[in-house]
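Results of the structural survey
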Amino acid sequence: MENASNATATWARVVAAVVIALIPIVLVLTSVRLLLTQIFVRVDYAVPGFPADTFGFSLQDRLHWAPIALDYLLNDAGIDYLGNLRFDSGRPVYNERELRHMVDVKKLVQVALRVWAVGLVAVAILLIALWRGRQTRQAWRSIRAGALGTVALMLLLGVGLAAAFSFVFVGFHRLLFSGDSWLFFYSDTLIRLFPEQFWQFAFAMIALGALVQAGILYLLARWRLRSTA
């Protein structure tokens, strides 16, 4: 009997540890998914002080071309979806270097969305397993710990963004993309649509979104732990 009890406790701790590790990933990727919308693009462009395009794009031009780039990242189309785009002058909207980068970005986004979906399902299944295994408090403790871990990570990210955004941004690209495929001229369409200020706001919203979600989970878990004490 004691061995069975010890085995159950060990199983519960292992499951809880996995939940704790997955929660920050799921919350951050939830924020990322919320940003992959036309609504966010419009909000980002509306941020006070957002720089005008010195090469001629108006706000309406940006609001026309940026959602198409976003659609490409989320749909099943090939790179011709962007490669066939032309300005009124007949010049391609994206050059070959930009198109290669967008292929890489799409692969990354698709992987991230799959990880997000799998993570959500995994967390749900593991928590249900804990609750069905009469490990209710362990389940809520794991949610609370995962939320606190998310807060710690997002605060660390926030400090990094505030202190040295360019360093964090460059490091992010060097980690996820090979070589210098992500470097462009200021006159290139991708930079004109998505300048550094766009990404500053995006990274800040990812961190803030994860913090809000973590705060809600933490308060819910704390309330449930107190009510079941």
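Notes on the structure in this doc start here.

Cut-off values and rules
- Residues numbered from 1 in each chain as written.
- Predicted model: local features only at pLDDT ≥ 70, side-chain atom pairs only at ≥ 80, totals over all residues.
- Heavy atoms only, no water.
- Helix = DSSP H or I, 4+ residues; strand = E, 2+ residues; numbered from the N terminus.
- Contact = heavy atoms within 4.5 Å.
- Areas by Shrake-Rupley, 256 points an atom, 1.4 Å probe, with all protein chains shown as cover.
- Lys, Arg positive; Asp, Glu negative; His and termini not counted.
- Charge placed at Lys NZ, Arg CZ, Asp CG, Glu CD.
- Buried < 20%, exposed > 50% of the residue type's maximum accessible area, 1.4 Å probe, protein only.
- Arc of directions from axis to C-beta.
- Axes fitted to C-alpha atoms, helices over the stretch in contact; angles between N-to-C directions.
- Parallel < 35°, antiparallel > 145°, perpendicular 65-115°, else oblique.
- Left-handed = near helix turned anticlockwise from the far one by under 90°.
- Nonpolar A, V, L, I, M, F, W, Y, C, P; charged D, E, K, R; others polar.
- Salt bridge = Lys/Arg side-chain N within 4 Å of Asp/Glu carboxyl O.
- Phe/Tyr/Trp six-rings, centres within 6.5 Å; stacked < 30°, edge-to-face > 60°.
- Lys NZ or Arg CZ within 6 Å of the ring centre and 35° of its normal.

1. Focus: the overall build of the protein
Secondary structure summary: the protein contains 8 helices and 0 strands in total. Start at the N end of the protein and walk to the C end: the helices and strands fall as α-α-α-α-α-α-α-α. On the principal axes, the C-alpha backbone points of the protein span a range of 80 × 35 × 30 Å. Of the contacts made within the protein by residues no fewer than 6 positions apart, 77% connect residues no fewer than 24 positions apart. Of the roughly 13100 Å² of accessible surface on the protein, a fraction of 66% belongs to carbon and sulfur atoms. Positive and negative side-chain charges in the protein, numbering 21 and 14 respectively, have mean positions lying 18 Å apart.

2. Notes on helix α2 (residues 38–45)
Those residues of α2 not exposed but buried are F40, V41, D44 and Y45. The arc enclosing the buried residues of α2, seen along the axis, measures out at 135°, which places them on a common side. Facing away from the buried surface of α2 by more than 90 degrees, the exposed residues are I39 and R42.

3. Points about the packing of helix α5 (residues 96–132) against helix α6 (residues 136–176)
Relative to each other, α5 and α6 sit at 165°, their axes nearing to 11 Å. Considered as vectors, α5 and α6 are oriented roughly antiparallel to each other. Crossing angle aside, the handedness with which α5 passes α6 is right-handed. Contact residues: α5 offers H101, L108, L127, L130 and W131, while α6 offers T136, Q138, A139, W140, S142, I143, H173 and L176. Split by residue class, the contact of α5 with α6 holds 8 nonpolar, 5 polar and no charged.

4. A word on the packing of helix α3 (residues 59–74) against α5
Where α3 contacts α5, the axes come no closer than 8 Å and their chain directions differ by 55°. Considering their axes alone, α3 and α5 lie oblique with respect to each other. For the crossing formed where α3 meets α5, the hand is right-handed. Residue-level contacts link A69, Y72, L73 and L74 of α3 to M102, V103, V105, K106, V109, Q110 and L113 of α5. Of the residues contributing to the contact of α3 with α5, the split by class is 9 nonpolar, 1 polar and 1 charged.

5. Examining the pattern of salt bridges
In this structure the tally under the stated criterion is 1 salt bridge. Residue D53 is joined to R192 by a salt bridge in which the shortest nitrogen-to-oxygen separation is 2.8 Å. With D53 in the loop between α2 and α3 and R192 in helix α7 (residues 189–193), the pair connects residues that are 139 residues apart, well separated along the chain.

6. Some thoughts on the environment of F177
Within the fold, F177 resides in the loop between α6 and α7. Owing to a relative accessible area of 7%, F177 belongs among the buried residues under this scheme. Taking C-alpha positions, F177 is 7.4 Å from D104, a pair spaced 73 residues apart along the chain. For F177, the residues in contact, after removing those within four places along its chain, are H101, D104, V105, L108 and W182.

7. Here's the deal with the packing of aromatic side chains
Applying the stated criterion across every chain yields a total of 16 aromatic pairs. Plain terms: the ring middles of F40 and F198 are 6.0 Å apart, the flat faces sit at 80° to each other, and that makes the pair edge-to-face. In this pair, F40 sits in helix α2 while F198 sits in helix α8 (residues 196–227), placing the two residues 158 residues apart along the sequence. What makes F40 buried here is its relative accessible area of 9%. By the ring-pair criterion, three or more aromatic residues cluster together here, those being F40, Y45, F50, F165, F169, F172, F194, F198, W199, F201 and F203. Of note, K106 hangs over the ring of Y72, and the distance from its end group to the ring centre comes to 4.2 Å. One cation-aromatic arrangement involves R224 over W223; the distance from NZ or CZ to the ring centre is 5.3 Å.

Function-wise, these values are silent; they only describe arrangement.
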